[in-house]
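Structural characterization, general
Each chain, letter by letter, is given below.
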Amino acid sequence: QVQLVESGGGSVQAGGSLRLSCVASGHTSTIRCMGWFRQAPGNEREGVAIFDSAVFTSAGNTNYTDSVKGRFTISKDFAKNILYLQMNTLKPEDTAMYFCAAKPQWSSRCSWQNFAYWGQGTQVIVSS
């Protein structure tokens, strides 16, 4: 099992930036895929960004939902098992609870589905 703890959320004005952190502990050696998801109250959870620790192709080892491309950057500190999400030029529509997730996928590219481990979330509020 893996434990994930997020931090870095807060309230920011549109155009501002935040950096979210996710500290992973437990059986971290089994983790290949890590990602950030977000969910607003009453809405479905959506994938924001994925970091693939094992597969590197011409498309890269990261994947982003279209709405955040060019603004968000996902990265990982392998030595410390910390996943980051740098969020720049934030928009009000980015407001949501952001969750860190991980899974031990073994084949193919890291998919958006079936993440097994989840953090408790950190709130991001972007005002106009």
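Right, let's get into the nonpolar core. Within the largest apolar cluster, 27 residues are counted, with the highest numbers of intra-cluster contacts made by Met34, Trp36, Phe72, Leu85, Met87 and Tyr98. Of all elements in the fold, only strand S1 (2-7), strand S3 (18-26), strand S4 (33-39), strand S5 (46-52), strand S7 (72-77), strand S8 (82-87), strand S9 (96-103) and strand S11 (122-127) reach the threshold of two or more residues within this core. Listed in part, the six residues of the second largest apolar core include Cys33, Phe37, Ala101 and Phe115.

Quick look at the side chain of Arg38 now. With respect to the helices and strands, Arg38 occurs in strand S4. Accessibility expressed as a relative area gives 4% for Arg38, which makes it buried. Here Glu46 takes part through its side chain, which lies 2.8 Å from a polar atom of the side chain of Arg38.

Let's shift gears to the pattern of salt bridges. Pairing between side chains of opposite charge can happen when their charged atoms approach one another. Tallied over the entire structure, the rule returns five salt bridges. Among the salt bridges present, the one from Arg38 reaches Glu46, with a minimum N-O distance of 2.8 Å. Note on Glu46: relative accessible area 34%, which makes it partly exposed. Among the salt bridges present, the one from Asp94 reaches Arg71, with a minimum N-O distance of 2.8 Å. Of this pair, Asp94 sits in the loop between S8 and S9 while Arg71 sits in the loop between strand S6 (62-64) and S7; the two residues are 23 residues apart in sequence, bridging distant segments of the chain. Among the ionic contacts, a cluster of salt bridges with common partners joins Arg38, Glu46, Arg71 and Asp94.

Basis of the calculations
- Residues numbered from 1 in each chain as written.
- Predicted model: local features only at pLDDT ≥ 70, side-chain atom pairs only at ≥ 80, totals over all residues.
- Heavy atoms only, no water.
- Core = buried A, V, L, I, M, F, W, Y, C linked by side-chain atoms within 4.5 Å.
- Buried < 20%, exposed > 50% of the residue type's maximum accessible area, 1.4 Å probe, protein only.
- Helix = DSSP H or I, 4+ residues; strand = E, 2+ residues; numbered from the N terminus.
- Polar contact = N/O pair within 3.5 Å; in protein donor to acceptor, adjacent residues only side chain to side chain.
- Salt bridge = Lys/Arg side-chain N within 4 Å of Asp/Glu carboxyl O.

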